[in-house]
Amino acid sequence: AYALKAASLRSGWGDPYIAIGDMYAASAKECATNDFEASAVYWVAVDKYRKAKYVDGSIAAEANKKIATWSKYFPNKKDAFFYNFTENQSYTVPCWINETTTVRVQ
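A quick note: this is a predicted structure, and the numbers were derived from the prediction, not measured. (Residues numbered from 1 in each chain as written. Predicted model: local features only at pLDDT ≥ 70, side-chain atom pairs only at ≥ 80, totals over all residues. Heavy atoms only, no water.)

1. Quick word on the pattern of salt bridges
A full pass over the atoms with the stated rule returns four salt bridges. For lysine 29, the salt bridge goes to aspartate 35, with nearest N and O atoms at 4.0 Å. The same class applies to lysine 29 and to aspartate 35, which are both exposed. Arginine 104 is the partner of aspartate 47 in a salt bridge, and the nearest nitrogen-oxygen pair spans 2.8 Å. One end of the pair, aspartate 47, is in helix α3 (residues 35–55); the other, arginine 104, is in the segment after β2 (99–102), with 57 residues separating them in the sequence. The buried category is assigned to arginine 104, whose relative accessible area is 10%. (Salt bridge = Lys/Arg side-chain N within 4 Å of Asp/Glu carboxyl O. Buried < 20%, exposed > 50% of the residue type's maximum accessible area, 1.4 Å probe, protein only. Helix = DSSP H or I, 4+ residues; strand = E, 2+ residues; numbered from the N terminus.)

Structure, rendered in C-alpha cells:
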C-alpha cells in the first residue's frame, strides 16, 4: 500500500513498482498451495516490473532483468491445462496480493 502511495505522489517513478514486484516474487511459496499457484504469483510480479519500465524508462534494464528471471518460472502449457487454465485466461492471485492478471505459459 505504501509503495502504491509513493508511486502516486511522484509521477514517472518506477522504483515503487519494482519494490512491489520484488515483494510479490518473494511471497510465491507463501501465497500458494501448489506449483501452479506459485507460478501465478510470478505473473503479477512481472506485471509490476512491466509497469515500472512503462512509467520510468530509466529503470528498464533492471525491470527487464527481473522479468527475464521470473518469467522462467511460468508454468508450461501442460501444467496450465492440468489445473484447467489456458493462456490469456483471467486469474486472481489470492493471499495478501489479491490482484487479477492473465495466465501466461512458457
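After that view, the rundown keeps rolling.
2. Digging into the packing of aromatic side chains
According to the stated counting rule, one finds 12 aromatic pairs in the structure shown. Ring centres of phenylalanine 36 and phenylalanine 85 lie 5.0 Å apart, and the angle between their planes is 15 degrees; this geometry places the pair in the stacked category. With phenylalanine 36 in helix α3 and phenylalanine 85 in the loop between α5 (77–82) and β1 (90–93), this residue pair connects regions lying 49 residues apart in the sequence. Here phenylalanine 36 and phenylalanine 85 have matching classes, each one buried. Considering the side-chain rings of tryptophan 43 and phenylalanine 74, the 6.5 Å spacing of their centres and the 75 degrees angle between planes classify their relative orientation as edge-to-face. On the criterion of sequence distance, the pair formed by tryptophan 43 in helix α3 and phenylalanine 74 in the loop between α4 (60–71) and α5 is long-range, its members being 31 residues apart. Tryptophan 43 gets classed as buried once you look at its relative accessible area, which sits at 0%. The class for phenylalanine 74 is buried, based on a relative accessible area of 6%. (Phe/Tyr/Trp six-rings, centres within 6.5 Å; stacked < 30°, edge-to-face > 60°.)

3. As for the side chain of serine 39
Mapped onto the elements of the fold, serine 39 is located in helix α3. Classification of serine 39 as buried rests on a relative accessible area of 8%. A distance of 3.0 Å separates the side chain of serine 39 from the backbone oxygen of tyrosine 73, its partner in a polar contact. Aside from chain neighbours lying at most four places away, what touches serine 39 is Tyr73, Phe74 and Pro75. (Polar contact = N/O pair within 3.5 Å; in protein donor to acceptor, adjacent residues only side chain to side chain. Contact = heavy atoms within 4.5 Å.)

4. Description of the confidence of the model for the protein chain
In this model, the protein chain carries an average pLDDT of 94, and 100% of its residues clear a pLDDT of 70 or more. Taken element by element, the predicted model of the protein chain shows its lowest mean pLDDT in helix α1 (residues 2–9) (85) and its highest in α4 (98). (pLDDT = per-residue confidence, 0-100.)

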